[in-house]
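Structure assessment
If you want the building blocks of each chain, they are given just below.
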Amino acid sequence: MRIHLVAVGTRMPSWVVEGYQEYAKRLPRECSLQLTEIPLSRRHKSLIPAQARQQEGQAMLAALPKDCTVVALDVRGSRWGTEDLAGHLRDWMASGRDVAMLVGGPDGLSPACLDRADQRWSLSALTYPHSLVRIVLAEQLYRAWTLTTGHPYHRS
């Protein structure tokens, strides 16, 4: 199983790239994390946020692997604790299907992305910069994996 992080935004600052890569490289092959960056829609006066979300959403949906489980990161989604995420990770690994996690741009996820999602996950009621979400997501996936395997990292 692979976990695909499909995120809107390119050219992240080096601290974002390094933070994300630090946790992504720790995950084993059986649940590797791969990033697919979707370019932001060009913002201009005549492009309203809904149109930008729609354009980005079409590109995100086109980037999804076939027959994958889709998890939309959405503030209105379910709040999962670490143990909850570890349970989902165990289920995803047992299914043998790839998982795609969708992180929208500054205007959020398109309705089409939310409709396609099998699950919706809220990291917090707080609003995070989308670049920071990449790092938090990678770290939490690594932490969940360590919990499922009894690795000591989770206790830190």
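Quantities reported herein were computed from a predicted structural model and do not represent experimental measurements.

With respect to the sheet that holds strand S3 (residues 69-79)
A sheet is described by the order of its strands in space; here five strands give the open sequence S2-S1-S4-S3-S5, paired in parallel fashion. The open sheet terminates on both sides in strands that have one partner only, identified here as strand S2 (32-38) and strand S5 (119-122). Ignoring strand direction, the axes of neighbouring strands in this sheet form an average angle of 30°. Taken together, the five bridges between strand S1 (residues 2-8) and strand S4 (residues 99-103) define a ladder with parallel strand orientation. Pairing of alanine 7 across the sheet is with valine 103, part of S4.

A closer look at helix H3 (residues 82-95)
Along its 14 residues, H3 runs 20 Å from first to last C-alpha, staying within 8% of the 20 Å computed at 1.5 Å per residue. Of the positions making up H3, those classed as buried are Thr82, Leu85, Ala86, Gly87, His88, Leu89 and Trp92. Here the buried face of H3 lies against S1, S3, S4, S5 and helix H5 (130-149). Looking one or two residues beyond H3, the residue adopting positive phi is glycine 96, at roughly 80°.

Considerations on helix H1 (residues 14-24)
Burial in H1 covers these residues: Val16, Gly19, Tyr20, Tyr23 and Ala24. Along the axis of H1, the buried positions cluster into a sector of 130°, meaning they face one direction only. Turned more than 90 degrees away from the buried face of H1 sit Ser14 and Glu18, all of them exposed. Of the surrounding secondary structure, the elements contacted by the buried residues of H1 are S1, S2 and H5.

Focus on the layout of surface pockets
Roughly 430 Å³ of internal volume is contained in the largest pocket. Among the secondary structure elements, those contributing two or more residues to the lining of the largest pocket are S3, S5 and H5. Tallying contributions element by element places S3 first for the lining of the largest pocket, with four residues. By residue class, the composition of the lining of the largest pocket is eleven nonpolar, seven polar and three charged.

A look at the pairing of S2
For a regular strand, side chains alternate in direction, first toward one face of the sheet and then toward the other. Across seven bridges, the pairing between S1 and S2 is parallel. Bridge pairing in S2 places valine 6 opposite threonine 36.

Here we look at the packing of H1 against H5
For any two helices packed against each other, the geometry is given by the interaxial angle and the distance between the axes. In the contact formed by H1 and H5, the axes pass within 8 Å of each other and the chain directions differ by 15°. When the axis of H1 is compared with that of H5, the two are roughly parallel. Here the hand of the crossing between H1 and H5 comes out left-handed. Contacts between H1 and H5 involve Trp15, Val16, Gly19, Tyr20, Tyr23 and Ala24 from the first element and Ser131, Leu132, Arg134, Ile135, Ala138, Glu139 and Tyr142 from the second.

Quick word on the state of the cysteines
Taken as a whole and judged by the stated rule, the model has zero disulfides. A disulfide-free cysteine, cysteine 68 has its sulfur positioned 11 Å from the sulfur of cysteine 113, the nearest such atom. For cysteine 68, a relative accessible area of 0% translates into the label buried.

Considering the side chain of arginine 134
Tracing the backbone shows arginine 134 in helix H5. The exposure class assigned to arginine 134 is buried, which follows from its relative accessible area of 3%. At 2.7 Å, the side chain of arginine 134 and the side chain of glutamate 37 are in polar contact. Discounting residues that sit within four places of it in the chain, arginine 134 has contacts with Leu5, Ala7, Val8, Gly9, Met12, Val16, Tyr20, Leu35 and Glu37.

What counts, and where the lines are drawn
- Residues numbered from 1 in each chain as written.
- Predicted model: local features only at pLDDT ≥ 70, side-chain atom pairs only at ≥ 80, totals over all residues.
- Heavy atoms only, no water.
- Pairing = 2+ DSSP bridges.
- Helix = DSSP H or I, 4+ residues; strand = E, 2+ residues; numbered from the N terminus.
- Axes fitted to C-alpha atoms, helices over the stretch in contact; angles between N-to-C directions.
- Expected span 1.5 Å × (residues − 1).
- Buried < 20%, exposed > 50% of the residue type's maximum accessible area, 1.4 Å probe, protein only.
- Contact = heavy atoms within 4.5 Å.
- Arc of directions from axis to C-beta.
- 1 Å grid on protein atoms, 1.4 Å probe; cavity = no way out; pocket = protein on both sides within 12 Å on 5 of 7 lines; lining within 4 Å.
- Points joined across faces, edges and corners; volume = space filled by probe spheres on them.
- Nonpolar A, V, L, I, M, F, W, Y, C, P; charged D, E, K, R; others polar.
- Parallel < 35°, antiparallel > 145°, perpendicular 65-115°, else oblique.
- Left-handed = near helix turned anticlockwise from the far one by under 90°.
- Disulfide = S-S within 2.5 Å.
- Polar contact = N/O pair within 3.5 Å; in protein donor to acceptor, adjacent residues only side chain to side chain.

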